[in-house]
Amino acid sequence: MKNKFHHNNHQGNDYYNNNNTNVPIVDYEGIIVPLLEKAEKGKKNIVLLTTGAFNPIHRMHIEILNIAYKYLLSLKDYNVLCAFISPSADCYVKYKRPPNFPFELRCKMVEASIEEFKRENKEKDKVNIYLNKWEGSHNFFIDFPDVITEIQYELSKFGEIKLLYVCGIDHYIKCIYCFDKNVIAIDREPYKINENDYRFKSNEAKLKFIIKDKNAAPFSSTSIKDSYEKNDLETIKQCTYSEVYSMIIEYLDSLNPEKHQEKNYEEINKEQQQHKDF
């Protein structure tokens, strides 16, 4: 199987934008240059990236970036400048388990998650996260190795900066032949790995890290959809940030007016029962 990480035929913004003029140009200079000015000299500069449908985004999509950030800081050899979240295009997401959230709404949920993450984590040592709309703004599918190649190309304009792809161990297992370097995989339940298998061993020389973290909760976008169908709104609240929760419920209710009405009846009956008990 060909390893896409080794292709050098970079297409670039010009190629992709000629096919879709609505694609925004990411302001890498505005993001990266100020961070480089603050970076500690003599350390390797790293940028993190995670991609996916984020259909919808949940807390672990944000948390795995912070887990990776803190792990790299603990090694003392790296400046982690920032992290990018790159949502997939609608043409890819439409084949996911429905209901599916449109790209612009998914982007709004990513931005809301980033802002709430900042408010919840006011300590100095937290990862700087940015939404990257380049991939998902296209009207055709761009696979994650090509997203990596594109962003690494853009980062190379500012000096020696390595891009590390961050994912859960489940994604790493599915795409294991693509990952011989430049990856941080977060080992989480319920996935079990063979620790004697060399593919699951960290190799710092290749910038490959397999991290175990007890805080890596087994949230998933599918479980959010399942919880909505079961009217288990409390689980959705646990999986997501508060503003994102509101966006999810509002959108899914708009697709399911009968369910929304049924839910309102349940809430009214619950309030009436509480009033009677009082």
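Note that this is a predicted model, so its numbers are computed, not measured. (Residues numbered from 1 in each chain as written. Predicted model: local features only at pLDDT ≥ 70, side-chain atom pairs only at ≥ 80, totals over all residues. Heavy atoms only, no water.)

1. Brief notes about the layout of surface pockets
By volume, the largest pocket is sized at about 980 Å³. Together, 37 residues line the largest pocket, and Gly52, Ala53, Lys96, Asp170 and His171 are the ones closest to its centre. If you list the elements that add at least two residues to the lining of the largest pocket, you get strand 1 (44-52), helix 3 (59-74), strand 4 (161-168), helix 7 (169-174) and helix 8 (221-229). Among the elements that take part in the lining of the largest pocket, strand 4 stands out by supplying 4 residues, more than any other. Split into classes, the residues belonging to the lining of the largest pocket amount to 16 nonpolar, 12 polar and 9 charged. (1 Å grid on protein atoms, 1.4 Å probe; cavity = no way out; pocket = protein on both sides within 12 Å on 5 of 7 lines; lining within 4 Å. Points joined across faces, edges and corners; volume = space filled by probe spheres on them. Helix = DSSP H or I, 4+ residues; strand = E, 2+ residues; numbered from the N terminus. Nonpolar A, V, L, I, M, F, W, Y, C, P; charged D, E, K, R; others polar.)

2. So, the sheet that holds strand 5 (residues 183-187)
Spatial strand order, 3-2-1-4-5-6: 6 strands in an open sheet with parallel pairing. The open sheet has two free edges, formed respectively by strand 3 (129-131) and strand 6 (208-212), since each of these has just one partner strand. Taken over all neighbouring pairs, the strand axes of this sheet differ in orientation by 25° on average, direction set aside. Where strand 1 and strand 4 come together, 5 bridges link them in parallel fashion. Of the residues in strand 4, the one forming a bridge with Leu48 is Leu164. (Pairing = 2+ DSSP bridges. Axes fitted to C-alpha atoms, helices over the stretch in contact; angles between N-to-C directions.)

3. Details of the pairing of strand 2 (residues 78-87)
Extensive coverage of strand 2 is indicated by the burial of 10 of its 10 residues. Two elements, strand 1 and strand 2, share 9 bridges in a ladder whose sense is parallel. Residue Thr51 lies in a different strand from strand 2, and its bridge partner there is Ser86. After leaving strand 1, the chain enters helix 3 and then returns to the sheet as strand 2, a path that is right-handed. Sheet topology places strand 2 next to strand 3; 3 bridges connect them, and they run parallel. Within strand 3, the residue paired with Ala83 across the bridge is Ile129. (Buried < 20%, exposed > 50% of the residue type's maximum accessible area, 1.4 Å probe, protein only. Right-handed = clockwise from strand over helix to strand, strands pointing away.)

4. Focus on the confidence of the model for the protein chain
Counting all residues, the mean pLDDT for the protein chain is 85, and 83% of those residues have values of 70 or more. Strand 2 holds the highest mean pLDDT among the elements of the protein chain, 98, whereas helix 1 (residues 12-19) holds the lowest, 47. Contacts from residues 1-9, a stretch scored under 50 in pLDDT, to residues over four places away or in other chains number 14 contacts. Note on residues 13-19: pLDDT under 50 across the span, and 16 contacts to partners over four residues away in sequence or across chains. (pLDDT = per-residue confidence, 0-100. Contact = heavy atoms within 4.5 Å.)

5. Remarks on the pattern of salt bridges
Pairs can form between side chains of opposite charge whenever their charged atoms are close. Counted by the stated rule, this structure contains 11 salt bridges. Across the pair Lys133 and Glu104 runs a salt bridge whose closest N-O atoms are separated by 3.2 Å. Here the residue Lys133 occupies a position in the loop between strand 3 and helix 6 (144-155), and Glu104 occupies one in helix 5 (residues 103-120), the gap between them amounting to 29 residues. The structure contains a network of salt bridges with shared partners spanning Arg97, Asp226 and Glu229. (Salt bridge = Lys/Arg side-chain N within 4 Å of Asp/Glu carboxyl O.)

6. Here's the deal with the state of the cysteines
Summed over the entire model, instances satisfying the criterion amount to 0 disulfides. Free of any disulfide, Cys167 has its nearest cysteine sulfur in Cys175, 7.5 Å distant. By relative accessible area, Cys167 is classed as buried at 4%. (Disulfide = S-S within 2.5 Å.)

7. Some thoughts on unusual backbone geometry
Residue Pro56 is bonded to the preceding Asn55 through a cis peptide linkage, with omega at 10°. When you line up the elements, Pro56 lands in the loop between strand 1 and helix 3. For the bond running from Pro98 to Pro99, omega is 0°, close enough to zero to count as cis. As for its position among the elements, Pro99 is in the loop between helix 4 (90-93) and helix 5. Located in the positive-phi region is Asn182, a residue other than glycine, with phi close to 55°. With respect to the helices, strands and loops of the structure, Asn182 is situated in the loop between helix 7 and strand 5.

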